[in-house]
Amino acid sequence: MIKDPDASWEGPFPYDALAPVGVTPWTTHADLRDVSFELLARHLMTPVTQQAWDELRGVRRRLLVDLLLYDVDMEAELPLAAADIDRELALEAAPQDPQQDPAPGASRHTVPEATARLVADLVRFDV
């Protein structure tokens, strides 16, 4: 699981604060209720870990925290991402045909038609 890099959180992220006692997004809710005992036994119960535990032991709050996490298979996704980057770099480095140069001020990158239609369907202006 990776955390949304654009998400902001007041204080340390709860899973990061409770990682020393083995709390992960896959920790069951029943096990999470007993984490306070583990924190106390290891002398790790601080205001920060107490707040993190409070945020995760409530179902609604835990769902909000889990909403900011993405389940990504890094071993499968990294080669695909590297191939995409290599393809983009090759396109940037390829010599441009002068007959296909865009008009001055226009972008060389075009938006796929399906994306343009989706944006047109989603964006409405009240006039």
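These notes cover the structure that comes with them. (Residues numbered from 1 in each chain as written. Predicted model: local features only at pLDDT ≥ 70, side-chain atom pairs only at ≥ 80, totals over all residues. Heavy atoms only, no water.)

A closer look at the pattern of salt bridges
Next, step 1: All chains considered together, the criterion is met by five salt bridges.
Next, step 2: The closest approach of N and O atoms between E38 and R42, which form a salt bridge, is 2.6 Å.
Next, step 3: What makes E38 partly exposed here is its relative accessible area of 32%.
Next, step 4: Among the ionic pairs, E55 bridges to R61, the shortest N-O distance being 3.6 Å.
Next, step 5: You can call R61 partly exposed: its relative accessible area is 35%. (Salt bridge = Lys/Arg side-chain N within 4 Å of Asp/Glu carboxyl O. Buried < 20%, exposed > 50% of the residue type's maximum accessible area, 1.4 Å probe, protein only.)

Thoughts on the packing of helix α4 (residues 47–57) against helix α5 (residues 59–67)
Next, step 1: Taken N-terminus to C-terminus, the directions of α4 and α5 make an angle of 100 degrees; their axes are 5 Å apart at the nearest point. What the angle tells us is that α4 and α5 run roughly perpendicular. Each of E55, L56 and R57 in α4 lies in contact with α5, whose residues at this interface are V59, R61, R62 and V65.
Next, step 2: Each residue belonging to the contact of α4 with α5 can be placed in one class, and the counts come to three nonpolar, no polar and four charged. (Axes fitted to C-alpha atoms, helices over the stretch in contact; angles between N-to-C directions. Helix = DSSP H or I, 4+ residues; strand = E, 2+ residues; numbered from the N terminus. Parallel < 35°, antiparallel > 145°, perpendicular 65-115°, else oblique. Contact = heavy atoms within 4.5 Å. Nonpolar A, V, L, I, M, F, W, Y, C, P; charged D, E, K, R; others polar.)

Digging into the environment of D54
Next, step 1: By the element assignment, D54 lies in helix α4.
Next, step 2: A relative accessible area of 34% means that D54 is categorised as partly exposed.
Next, step 3: For the pair D54 and S36, spaced 18 residues apart in sequence, the C-alpha separation works out to 9.6 Å.
Next, step 4: Of the polar contacts made by the side chain of D54, one reaches the side chain of R57; its length is 3.1 Å. (Polar contact = N/O pair within 3.5 Å; in protein donor to acceptor, adjacent residues only side chain to side chain.)

Examining the nonpolar core
Next, step 1: Core analysis: the largest hydrophobic core is formed by 15 residues, its most contacted members being F13, Y15, L18, V21, V23, V35 and L56.
Next, step 2: For this core, the secondary structure elements donating two or more residues are α1 (14–18), α3 (35–41) and α4.
Next, step 3: Those residues within four positions of Y15 in sequence are excluded, and the remaining contacts are V23, T24, P25, L56, R62, V65, D66 and L69. (Core = buried A, V, L, I, M, F, W, Y, C linked by side-chain atoms within 4.5 Å.)

Digging into α4
Next, step 1: If you check which residues of α4 are buried, you get T49, A52, W53, E55 and L56. Projected down its long axis, α4 shows its buried positions confined to an angular sector of 160 degrees, all on one face.
Next, step 2: Elements in contact with the buried residues of α4: α1, α2 (29–33), α3 and α5. (Arc of directions from axis to C-beta.)

Thoughts on the packing of aromatic side chains
Next, step 1: Counting across every chain of the model gives one aromatic pair.
Next, step 2: Residues F13 and Y15 carry aromatic rings whose centres are separated by 6.3 Å and whose planes lie at 50 degrees to one another, so their mutual orientation is tilted. Taken individually, F13 and Y15 each receive the classification buried, so the pair is uniform in this respect.
Next, step 3: Taking the ring centre of W53 as reference, the NZ or CZ of R57 above it sits at 4.2 Å. (Phe/Tyr/Trp six-rings, centres within 6.5 Å; stacked < 30°, edge-to-face > 60°. Lys NZ or Arg CZ within 6 Å of the ring centre and 35° of its normal.)

Read these as geometric descriptors, not functional statements.
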